[in-house]
Amino acid sequence: MIKILDKHVADKIAAGEVIDRPVSIIKELLENSLDAEATSITVEIKNGGKSYIRVTDNGCGIPSEEAELAFRRHATSKITAAEDLDAIETLGFRGEALASICAVARVELITKTRDSKMGRRIVIEGSEILENSPVGCPDGTTITVKDLFYNIPARSKFLATDSAETRRIVDMVSRIALSYGDVKINLISGNSKVFSTRGNGNILNNIISIYGSETGKDMIPVESSMSGFVLKGFVSSPAASAPSRNKQIFCVNGRIISSSVLEKALDEAYKEKLFHGRFPIAFLFLAMPPEKLDVNVHPTKKEVRFDDDHEVLDFVAKAVREALMAKDAVPQIREEGLKSLKAEQKPEEKVIEKLYEKPDQGVQYDFSTIKREENKASVFEERHNKLDKDPKEQTVEIKSFDDAVDIKKVLTTLKRESHENSDIKIQAPVRRPFDFDDLRTIGTVFNTYILAADEDSFYLIDQHAAHERVFYERLLEQYNAEEKNRQTLLMPLNFNVSAQVASTEDIWLDKVSSMGYDIEFFGNNTYLVREIPAFMDLDEAETFLSDMFKEMEDKPDLTNKRTLEKLITRSCKSAVKGGDRLDINEIDALIKDLRSCINPFSCPHGRPTFIRMTKYEIEKMFKRV
Ligand code: ADP
Ligand code: MG
């Protein structure tokens, strides 16, 4: 029942609904529909929502006699007393959204509950009710918002271009659609469908519906649980990153949030796997004990506070890192991949990519080109169904989730996902660990790439990238070790450095000796090296040092750990030589070294060391299957 909140309850609630742009209206309307337990919601917009927004749901509807009340300030059916604030389960509760929206736009509400025969239509402009009459309509609620800020032209000046407002809306609705996987959500802009989810709770399915098969096919499943924490979702393979954090979506205990802790966890897990300025794509659903979490219910804040940031960060980083060790994380050559080198990108993917990745330049995107095929998912079905799956591995272990935390929404999503796969056959790909033991090396091509194979895949390994990875990790290991493994040179090496480098000796000298060099000042900007790290050969040790000295002429801040690491990374690159012909023993030695690395699949700069092609893909190319 909708009722006006008591003044003192109303005052307790953070004041001021902020309706600053179309996206905030849509967010409120969507949240109302979700609170009304709708299972299907359609959002339509025109001109980035400035001229037209319509949200239609099949939720509980508003009783006719209460419909008018819904537009009054502090009118809500969701709480009554101040104590209720501590146990809010709905998304809205302030009873302000509709009141604020109708103050700045022309609004029409059509609503009907299941028990009543007739629905109700209310037209309201600038808070003034123009019409309130019975109407025949389906169950649920439709709210249309036209001409935003028609009565406050000054505020419409602050709105961005249609395309920029559209982008904001697509972004927000995508996030909601992904985190409410069991609700069917359609988004239509102009006359074209932007996306439409199926509402069957399948996360991968929804990722494909929303972001397209290009994004979807490089996703790796993440699944992990530990002492009350359950993490589920998908992350991109290192080969498929994004230029921004736009496609990082976090849902904690059923709420979409932004979280620097979770962002850091991702960065940590992808460390050295991505080029600078690239970000992983991630859709992560975290369920955790509610008492370890402070959900800030302030209207504009989407941040949550964890009691223990480190606990969350470590758990998530570890889970994602493990996922990235799976075979599927190795960049894959696929037949469709080869074709698409030539073939035009699908038009709708272009539009979506543009929306997400280009800064707004006032360009109008033509949504009429967006037309999604219903069976976008077929590529996946094929790929994942072909994998020989152990049926035991396929079933999601729900029991452990139940023990862990009881969060209604997360659990329904998870449960539906495992039980309701009937309408579509996509299943989360089974994560299979990559095993160096299964790898047989065959030889090299172009003096650069090692050929290797295991039971169902063929691999190309970039000799130089692999060597660089090994070199880098050994160096870091040595740097952090108490005991340094050194070798004494018969003839000391001589380094002549710039005066600037010599004058900053106190900063770099101990760092260089931590790496295993024995180095001392010899006078006149010259240094003598008597010992070098044991794992380097003379050439490598020399190139590495001279490169470091060269880099140091730009006065890097070596007290900063990141800067130091970058400098080491760059110097490793030049120290390792490529293009040498390796015999089979050298190949095996390199693979063995690579196997002991923490991050064997990429070089320290984020380039892949491995590329994989499955037997199935090869057979497809030969038209055997
Ligand atoms: P709040 O969501 O904070 O309660 P709103 O102004 O958003 O406040 O909505 C006021 C009331 O109108 C809600 O409490 C709810 O009872 C009713 N309402 C709004 N939208 C819907 C909807 N789509 N379906 C059913 N009821 C709705
Ligand atoms: Mg609301």
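Chemist: Lay out the packing of aromatic side chains with the relevant residues and their values.
Modeler: Counted according to the given criterion, the structure contains 13 aromatic pairs. Centroid distance Phe436 to Phe610: 6.0 Å. Interplanar angle 80 degrees. Geometry classified as edge-to-face. Of this pair, Phe436 sits in the loop between helix 15 (408–419) and strand 18 (440–445) while Phe610 sits in strand 24 (residues 610–614), and the two are 174 residues apart along the sequence. For the pair Phe436 and Phe610, a shared accessibility class is recorded, and that class is buried. Clustering of aromatic rings is evident, with ring pairs tying together Phe495, Trp508, Phe521, Tyr527 and Phe549. The residue whose ring lies beneath Lys46 is Tyr52, and the NZ or CZ to ring-centre distance is 4.3 Å. Its guanidinium or amino end placed over the ring of Tyr150, Arg106 lies 4.1 Å from that ring's centre, counting from NZ or CZ.

Chemist: Can you explain helix 20 (residues 561–575)? Please cite residues and give values.
Modeler: In this model, helix 20 (15 residues) spans 21 Å end to end at C-alpha, consistent with the 21 Å of a helix rising 1.5 Å per residue. By the burial criterion, the buried members of helix 20 are Leu564, Glu565, Leu567, Ile568, Thr569, Ser571, Cys572 and Ala575. Buried positions along helix 20 lie against helix 16 (463–480), helix 18 (505–514) and helix 19 (538–552).

Chemist: Talk me through the sheet that holds strand 9 (residues 184–189); I want residue IDs and the actual numbers.
Modeler: Read across the open sheet, the eight strands follow the order 7-6-5-8-3-2-9-10; overall the sheet is mixed. Looking at which strands have only one partner, the edges of the open sheet turn out to be strand 7 (128–135) and strand 10 (192–196). Taking each pair of neighbouring strands and ignoring which way they run, the sheet shows an average axis angle of 10 degrees. Of the pairings in the sheet, the one linking strand 6 (residues 119–125) to strand 7 comprises seven bridges and is antiparallel in character. Along strand 7, the bridge assignment pairs Arg121 with Ser133. Lying over the sheet, helix 2 (residues 22–35) contacts strand 2 (40–46), strand 3 (52–57) and strand 8 (140–146), oriented at roughly 10 degrees with respect to strand 3.

Chemist: Which residues make up unusual backbone geometry, and what values do they have?
Modeler: The residue Asn47 is not glycine, and still its phi comes out positive at about 50 degrees. Tracing the chain through its elements places Asn47 in the loop between strand 2 and strand 3.

Chemist: Account for the pattern of salt bridges, with residues named and values stated.
Modeler: Under the defined criterion, the tally for this structure stands at 26 salt bridges. Here Glu108 makes a salt bridge to Arg121, at a shortest N to O gap of 2.7 Å. Of the two residues, Glu108 is situated in strand 5 (residues 106–112) and Arg121 in strand 6; the sequence distance between them amounts to 13 residues. Residue Arg121 is classed as partly exposed on the basis of its relative accessible area of 24%. For Glu131, the salt bridge goes to Arg121, with nearest N and O atoms at 2.7 Å. A residue pair is termed long-range when its members are at least 10 positions apart, and Glu131 in strand 7 and Arg121 in strand 6 qualify at 10 residues. Residue Glu131 is classed as partly exposed on the basis of its relative accessible area of 29%. Each of the salt bridges in this network shares a partner with another, and the network as a whole consists of Arg21, Glu165 and Arg168.

Chemist: So what's going on with helix 3 (residues 97–104)? Residues and values would help.
Modeler: Across the eight residues that make up helix 3, a large majority, seven, are buried. Every buried residue belonging to helix 3 is among Ala97, Leu98, Ala99, Ser100, Ile101, Cys102 and Val104, and all of these are buried. Packing partners of the buried residues in helix 3 comprise helix 2, strand 5, strand 6, strand 8 and helix 4 (153–156).

Chemist: Can you explain the nonpolar core? Please cite residues and give values.
Modeler: In this structure, Ile26, Leu29, Val145, Val173 and Phe283 are the most contacted members of the largest nonpolar core, which totals 61 residues. With seven residues, helix 5 (residues 162–179) is the single largest residue contributor to this core.

Chemist: I'd like a description of the site of ligand 1, backed by residues and values.
Modeler: With respect to spatial proximity, 21 residues lie near ligand 1, and among them Asn32, Thr76, Ser77, Lys78 and Gly95 are the closest. For ligand 1, an oxygen atom lies 2.8 Å from a polar atom in the side chain of Asn32. In this structure, Leu98 approaches ligand 1 through a main-chain N or O atom, which is 2.9 Å from an oxygen atom. Relative to its unbound accessible surface of 530 Å², ligand 1 loses 95% to contact with the protein. Going through the elements one at a time, helix 2, strand 4 (75–76) and helix 3 are the ones with two or more residues in the shell around ligand 1. For the shell around ligand 1, the residue count by class is nine nonpolar, eight polar and four charged.

Chemist: Go over the sheet that holds strand 23 (residues 526–533), please, and point to the residues and values.
Modeler: Spatially, the three strands line up as an open sheet ordered 21-23-22, and their pairing is antiparallel. Unpaired on one side and paired on the other, strand 21 (486–496) and strand 22 (518–523) mark the two borders of the sheet. Sheet twist, expressed as the mean angle between neighbouring strand axes with direction ignored, is 20 degrees. Along the sheet, helix 18 contacts strand 21, strand 22 and strand 23; its crossing angle with strand 22, the most-contacted strand, is approximately 145 degrees.

Chemist: Residues and numbers for the environment of Met1, please.
Modeler: Structurally, Met1 can be placed in the segment before strand 1 (3–4). Relative accessible area serves as the criterion here: at 65%, Met1 is assigned to the exposed category. C-alpha separation for the pair Met1 and Ala70, spaced 69 residues apart in sequence, amounts to 10.0 Å. Excluding anything up to four places from it in sequence, Met1 contacts Glu66, Thr76 and Ser77.

Chemist: Please set out the environment of Ile507 residue by residue, giving values where relevant.
Modeler: As for its placement among the helices and strands, Ile507 is situated in helix 18. In this structure, the C-alpha to C-alpha distance between Ile507 and Asp557, residues 50 residues apart in sequence, is 8.9 Å.

Chemist: Run through the environment of Leu594, naming residues and quoting values.
Modeler: Position of Leu594 among the secondary structure elements: in helix 21 (residues 584–595). Accessibility expressed as a relative area gives 0% for Leu594, which makes it buried. The spatial distance from the C-alpha of Leu594 to the C-alpha of Phe436 is 9.2 Å, given a sequence separation of 158 residues. For Leu594, the contacting residues outside a window of four places in its chain are Phe436, Ile461, Ala466, Arg469, Val470, Pro600 and Phe610.

Chemist: Could you give an account of the pairing of strand 11 (residues 219–226), with specific residues and numbers?
Modeler: Strand direction decides the pairing type here: strand 11 and strand 12 (residues 229–236), joined by eight bridges, are antiparallel. Within strand 12, the residue paired with Ser225 across the bridge is Val230. What sits between strand 11 and strand 12 in their antiparallel hairpin is a turn of two residues, with Ser227 showing a positive phi close to 25 degrees.

Chemist: Tell me about the packing of helix 16 against helix 20, residues and numbers included.
Modeler: Two elements in contact, helix 16 and helix 20, have axes separated by 9 Å at closest approach and are oriented at 135 degrees. Considering their axes alone, helix 16 and helix 20 lie oblique with respect to each other. In the crossing of helix 16 with helix 20, the sense of the turn from one axis to the other is right-handed. Within the contact between the two elements, helix 16 uses His464, Glu468, Phe471, Tyr472, Leu475, Leu476 and Tyr479 and helix 20 uses Leu564, Glu565, Ile568, Thr569, Cys572, Lys573 and Ala575. Of the residues that constitute the contact of helix 16 with helix 20, the class distribution is nine nonpolar, two polar and three charged.

Cut-off values and rules
Residues numbered from 1 in each chain as written. Chains lettered and ligands numbered in written order. Predicted model: local features only at pLDDT ≥ 70, side-chain atom pairs only at ≥ 80, totals over all residues. Heavy atoms only, no water. Phe/Tyr/Trp six-rings, centres within 6.5 Å; stacked < 30°, edge-to-face > 60°. Helix = DSSP H or I, 4+ residues; strand = E, 2+ residues; numbered from the N terminus. Buried < 20%, exposed > 50% of the residue type's maximum accessible area, 1.4 Å probe, protein only. Lys NZ or Arg CZ within 6 Å of the ring centre and 35° of its normal. Expected span 1.5 Å × (residues − 1). Contact = heavy atoms within 4.5 Å. Pairing = 2+ DSSP bridges. Axes fitted to C-alpha atoms, helices over the stretch in contact; angles between N-to-C directions. Salt bridge = Lys/Arg side-chain N within 4 Å of Asp/Glu carboxyl O. Core = buried A, V, L, I, M, F, W, Y, C linked by side-chain atoms within 4.5 Å. Near = heavy atom within 4 Å. Polar contact = N/O pair within 3.5 Å; in protein donor to acceptor, adjacent residues only side chain to side chain. Areas by Shrake-Rupley, 256 points an atom, 1.4 Å probe, with all protein chains shown as cover. Nonpolar A, V, L, I, M, F, W, Y, C, P; charged D, E, K, R; others polar. Parallel < 35°, antiparallel > 145°, perpendicular 65-115°, else oblique. Left-handed = near helix turned anticlockwise from the far one by under 90°.

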